[in-house]
Amino acid sequence: MTLAVHAAARRPVFYTTLGVPDTFDGRFELLVLHGHLMIRRLRQDGDVGAETAQNLFDALIGHFDEALREIGVGDMSVGKRMKTMASGVYGRLAAYDAGLDSEGPDGLEDVVRRNVYGTAPDADASRVQAVAAYMRAAERHLATRPHDAVLAGVALYPEPLAPADGEAGMAAREADV
């Protein structure tokens, strides 16, 4: 399951077609986005899902710690940076929940623009809309997956589509994944 989150976040289409910056920050944002979608799905499975969601969260935080060390952040600075990153993850989880729970598209699109495209303020609106549509489609798709399939990490996320395909195209592709 953790590998599925990482694989989904590293899909080239996010960085090429959808223009997410292929930087430490951009990769961080997509890992948090996909981790959030998985954690949100796991919450549907009661206590066992909550425990699995916590394990996934811990694994993601551990990955961020490792990534900081790999890019050369010194031991003395890692703790402070991790505290900031963990706070950012918690904030994003809450913001993505609020965006996905909102009735209209604007709430989620605002969250996507602010976070996923935070270091690319001139991001095209159609790309922001495509990522928001992807999140809604991924949430619907994950909701159909039984707990065992989620744990196995099999076919958990739909393929993102180009901005022109939008919500309708994304919904049509969900059945294919």
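Keep in mind it's a predicted model, so treat the numbers as computed, not measured.

Definitions and cut-offs
Residues numbered from 1 in each chain as written. Predicted model: local features only at pLDDT ≥ 70, side-chain atom pairs only at ≥ 80, totals over all residues. Heavy atoms only, no water. Helix = DSSP H or I, 4+ residues; strand = E, 2+ residues; numbered from the N terminus. Buried < 20%, exposed > 50% of the residue type's maximum accessible area, 1.4 Å probe, protein only. Contact = heavy atoms within 4.5 Å. Areas by Shrake-Rupley, 256 points an atom, 1.4 Å probe, with all protein chains shown as cover. Core = buried A, V, L, I, M, F, W, Y, C linked by side-chain atoms within 4.5 Å. Salt bridge = Lys/Arg side-chain N within 4 Å of Asp/Glu carboxyl O. Axes fitted to C-alpha atoms, helices over the stretch in contact; angles between N-to-C directions. Parallel < 35°, antiparallel > 145°, perpendicular 65-115°, else oblique. Left-handed = near helix turned anticlockwise from the far one by under 90°. Nonpolar A, V, L, I, M, F, W, Y, C, P; charged D, E, K, R; others polar. pLDDT = per-residue confidence, 0-100.

*Asks:* Got a minute to help me understand the overall build of the protein chain in this structure?
*Replies:* From N to C terminus, the protein chain includes nine helices and zero strands. Listed N to C, the secondary structure of the protein chain is α-α-α-α-α-α-α-α-α in terms of helices and strands. Counting only residues that meet the buried cut, the protein chain has 49% of its 177 residues in that class. Of the contacts formed within the protein chain by residues at least 6 apart in sequence, a portion of 62% connects residues at least 24 apart. Summed over all atoms, the accessible surface of the protein chain reaches about 8400 Å², with 53% contributed by carbon and sulfur.

*Asks:* Before we go on, may I ask you to explain the side chain of H6 in this structure?
*Replies:* If you trace the backbone, H6 turns up in helix α1 (residues 2–9). Overall, H6 belongs to the buried group, its relative accessible area being 18%. In this view, H6 contacts L31, L60 and H63; residues no more than four positions away in its chain are not counted.

*Asks:* Can you help me understand the nonpolar core in this one?
*Replies:* In summary, soluble globular proteins display a tendency toward joint burial of nonpolar side chains. Of all hydrophobic cores here, the largest spans 48 residues; its most connected members are L33, M38, F64, V112, Y117 and Y157. When residues of this core are traced back to their parent elements, those giving at least two are α1, α2 (12–15), α3 (24–42), α4 (46–70), α5 (75–101), α6 (105–115) and α7 (125–144). When residues in this core are grouped by element, the largest group, nine residues, is from α3.

*Asks:* Is there a simple way to explain the pattern of salt bridges in this structure?
*Replies:* A side chain with one charge can pair with a side chain of the opposite charge if their charged atoms come near. Inspection of the entire model under this criterion finds nine salt bridges. As a salt-bridge pair, E29 and R92 come within 2.8 Å of each other at their nearest N and O atoms. Of the two residues, E29 sits in helix α3 while R92 sits in helix α5, which places them 63 residues apart along the sequence. Among the ionic pairs, D101 bridges to R40, the shortest N-O distance being 2.5 Å. You can see D101 sitting in helix α5 and its partner R40 sitting in helix α3, a full 61 residues away along the chain. Taking relative accessible area as the criterion, R40 reaches 14% and is therefore assigned buried.

*Asks:* Could you clarify how one ought to interpret the side chain of T52 in this entry?
*Replies:* Mapped onto the elements, T52 comes out in helix α4. When residues no more than four places from it in sequence are discounted, the contact partners of T52 are M1, L42, H147 and L151.

*Asks:* Just to check I follow, could you spell out the packing of α6 against α7 for this structure?
*Replies:* Between two packed helices, both the angle of their axes relative to each other and the distance between the axes serve to describe the pair. For the pair α6 and α7, the least separation of the axes is 9 Å and the interaxial angle reads 110°. By the criterion of interaxial angle, the relationship of α6 to α7 is roughly perpendicular. Regarding α6 and α7, the two cross each other, and that crossing is right-handed. Note on element contacts: α7 touches α6 through A125, V128, Q129, V131, A132, M135 and R136, opposite P105, L108, E109, V112 and R113. When the residues that make up the contact of α6 with α7 are grouped by side-chain class, the tally is eight nonpolar, one polar and three charged.

*Asks:* What am I meant to see in the confidence of the model for the protein chain here?
*Replies:* Detailed reading of the predicted coordinates is not advisable wherever pLDDT falls low. Averaged over all residues, the pLDDT of the protein chain equals 86, while 86% of them reach at least 70. Within the protein chain, the lowest mean pLDDT, 47, falls on helix α9 (residues 166–174), and the highest, 96, falls on α2. Here residues 168–177 is a poorly scored stretch, pLDDT under 50, and it has 20 contacts once near neighbours within four places are set aside; other chains count.

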